[in-house]
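Below are the chains, spelled out letter by letter.
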Amino acid sequence: MKKLFSTGSLVFLLVAGAAAADVVWMDTLDLSLMRQGWGSAQTNRAMRGGPLKLAGKEYERGVGTHATSTFWIDLSSGAENFLATVGVDEAANGPATVVFRVTVDGHKKFDSGVMKTGTPPKSVDVDLKGAKTLLLQVLDGGDGVGFDHADWAEARIMTSGRAPVAVAVPVEEKVVLTPKPGPQPRLNGPTIYGCRPGNPFLYRIPAQGVRPMKFTLSGLPAGLKVDERTGVISGKNPSTGTYTVTIRAKNSHGTDTRTLRIVSGETLSLTPSMGWNHWYAHYDRVTDQMMREAADLMISSGMADVGYSYVNIDDCWMNAPKHGDQKRVGPLRDDQGRIIPNQYFPDMRGLADYIHGKGLKAGLYTSPGTLTCGGFGGAYQHEAIDARTFAEWGFDFLKYDWCSYGHIAEGGDPKATNIPTWGKGAPTLEGYQYPYRLMGGLLRQQPRDILLNHCQYGMGDVWEWGAAVGGQSWRTAGDLGFELDRIFDVALKNSEHRAWSGPGSWNDPDYIQIGWIGNARGGGLPEPCPLTGNEQYAYMSLWALMASPIFFSGDMTHLDEFTLNVLCNPEVIEVNQDALGQCGSVSHINEQLFVMVKDLEDGGKAVGLFNRGDFPSEVRASWSLVGCSGSQVVRDLWRQKNLGTFETEFKATVPRHGVALVKIQPATAGTAKRR
Ligand code: GLA
């Protein structure tokens, strides 16, 4: 005979004749602390609100969650075991694949293997004696997180000690690793810059150090001049050729010199573009005022001094046929067929001029479809006039977002007889390429250097042909805002396309969402991002090593010291901007540890030692893995500190979801200096 009664979250189980352990049901813990890929954890319910149901059986108690899901429990003392029945909930309603994992004090104690819709439920019984932390995870089974509704049915901890409690994540302090720049000049930015003969030239020399600073240039081609006070170079792109310019920056604390090769020819974006994009901060709330403010802050925060230069408007600057805010509603085009910006953008040319006035560049967005993803006016059948208008306004970058073009590609416009469509058939390569080739060609005809970003989420293996149809970068996947908890997976997938990375040709895994960002689901107002400090270092290191475009997309008005230290370490950015343009190659050490190695133009190698596991771990980069031999000088790039000379390997203890990012150079080449 047994009797149950409860006090708060503790339920005491008394079994006649024996002193029993207490039961703490998982559903009584603070489930708001569970982090998961979609929705929020459900108490005694499945994700869609129905009963927890595994293989035809309903369970009264348990937790419904969605991959990828992480739940940390502090066991205090006296825990005995963890029990549960796990599986994919019957209401998943699609091809779910998940893995349940139970980790105790950093050691994996249960792994369900991949479970699919219909896989019989599995029983979990894990010994917790003497343990301190329990980590319950539901991982994606290898095909993304779609439909991954997962149940921890009858999940409970037996304990004879204090009640276990849920904790957010193991508490981690955000540590500023990067030393503050000194007062003396330090010239940053790429060593190579591409432009096309005859078009307007604009380049603000990135330089840290106290102002006033004087910039003196030698070797500047005819037609270009520098503003000695601001370091902004402007004029007309020189005729075809390579011009090596020596830049000297001087202030009352010292001088610095650096060379910049200006390559005038066909290829733009010889290094990945860097800047800010409004999307993940302001969504459909964006205004001209926000863009101007972002440009001001790009200068005053010091971001421009390490190389950020594009200030890009994303979706929602045009009129929409319908929208909650009437100031964004109106006719899409005027009598001449020109696109009409909404009332928050009264003067597009004035806005671009304002951004240019700071030596920065301006970007904007549209779709090849009739409407953008946000439901605003797209470019369909107005491509030529839009390309011309954007150039006349003075924009330097276009993000071209597939969105409603899918309808056209499927044959949705019977009048469009010249457009390759696939009707009800399989998508064709030509059908994917057509709108991008069209816009790429039109932008090429404008008397401006305008970068084109193909935003179509990797369809038709865009990395293989994105450059050939006129783009300089292309998104390789969907919106990272929906997958911020999968940064490692997204980056590793992106790096598989490394063969197509190079000058003028960049794989784009989406923006840097740190600092204050709005939740992508629903376009929320900016709030502190959910990533730990170590996750943010890993994120930025991955983008640097992959030579990905670096667009910060958080709120520029909420830039704190930690965020700026992640965004603005010039040695990390130098890895990203390296002239070889190589995307690092990955060596997996095990499921959780990997090393990414990127060759640099100066013969050095940038190496990231990553730990995607949930506990600190030693990561070893042997020289055979790095691809070098003999004595090597190792420099910690986040701390900007030489670590010494190493003979056969470099190893580091890397924090949970963190990185050690180093530069490795043969000792004979001297010390690991910056240049
Ligand atoms: C898509 C893109 C995002 C953003 C939005 C705007 O989702 O992938 O980057 O541009 O559209 O609506």
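For the structure, see preceding data.
Residues numbered from 1 in each chain as written. Predicted model: local features only at pLDDT ≥ 70, side-chain atom pairs only at ≥ 80, totals over all residues. Heavy atoms only, no water.

A. A look at the site of the ligand. The environment of the ligand is formed by Trp 279, Asp 314, Asp 315, Tyr 365, Cys 373, Gly 374, Lys 399, Asp 401, Cys 455, Tyr 457, Arg 475 and Asp 479. Taking Asp 315, its side chain carries an N or O atom lying 2.7 Å from an oxygen atom of the ligand. In the model, an oxygen atom of the ligand is placed 2.5 Å from a nitrogen or oxygen of the Asp 479 side chain. In the complex, 93% of the free accessible area of the ligand, which totals 300 Å², lies under the protein chains. Looking at the shell around the ligand residue by residue, the class counts come to five nonpolar, one polar and six charged. (Near = heavy atom within 4 Å. Polar contact = N/O pair within 3.5 Å; in protein donor to acceptor, adjacent residues only side chain to side chain. Areas by Shrake-Rupley, 256 points an atom, 1.4 Å probe, with all protein chains shown as cover. Nonpolar A, V, L, I, M, F, W, Y, C, P; charged D, E, K, R; others polar.)

B. Spotlight on the sheet that holds strand 36 (residues 550–552). Read across the open sheet, the eight strands follow the order 33-32-31-30-29-28-27-36; overall the sheet is parallel. What marks the edges here is a single partner per strand, and that holds for strand 33 (506–508) and strand 36. Across the sheet, the mean angle separating the axes of adjacent strands is 25° when strand polarity is ignored. Where strand 28 (residues 310–312) lies against strand 29 (residues 361–366), three bridges are found, and the strand directions are parallel. Looking across to strand 29, one finds that Asn 312 is bridged to Gly 363. (Pairing = 2+ DSSP bridges. Helix = DSSP H or I, 4+ residues; strand = E, 2+ residues; numbered from the N terminus. Axes fitted to C-alpha atoms, helices over the stretch in contact; angles between N-to-C directions.)

C. Expanded view of the state of the cysteines. What the rule picks out here adds up to one disulfide. Covalently, Cys 373 is tied to Cys 403 through a disulfide, its sulfur atoms 1.9 Å apart. Its S-S torsion of approximately -95° makes the covalent link between Cys 373 and Cys 403 left-handed. Highlighted residues: Cys 373 in the loop between strand 29 and helix 4 (383–393) and Cys 403 in the loop between strand 30 (397–401) and helix 5 (405–409), separated in sequence by 30 residues. Residue Cys 403 is classed as buried on the basis of its relative accessible area, which comes to 15%. Among the cysteines around Cys 583, which has no disulfide bond, Cys 628 carries the closest sulfur, lying 19 Å off. (Disulfide = S-S within 2.5 Å. Buried < 20%, exposed > 50% of the residue type's maximum accessible area, 1.4 Å probe, protein only.)

D. The arrangement of the sheet that holds strand 20 (residues 200–204) in detail. Strand order in the open sheet made by the three strands is 20-24-23, with antiparallel pairing throughout. The open sheet is flanked by strand 20 and strand 23 (224–226), the only strands paired with a single partner. On average, each strand axis in the sheet is tilted by 15° relative to the strand beside it, whichever way the strands run. In this structure, strand 23 lies alongside strand 24 (residues 232–236), joined through three bridges in antiparallel fashion.

E. Looking closely at helix 2 (residues 288–300). Taking 1.5 Å of rise per residue, 13 residues should cover 18 Å, and helix 2 covers 19 Å from first to last C-alpha, within 8% of that figure. Where helix 2 ends, the next residue or the one after it, Gly 302, has phi of about 95°, a positive value. (Expected span 1.5 Å × (residues − 1).)

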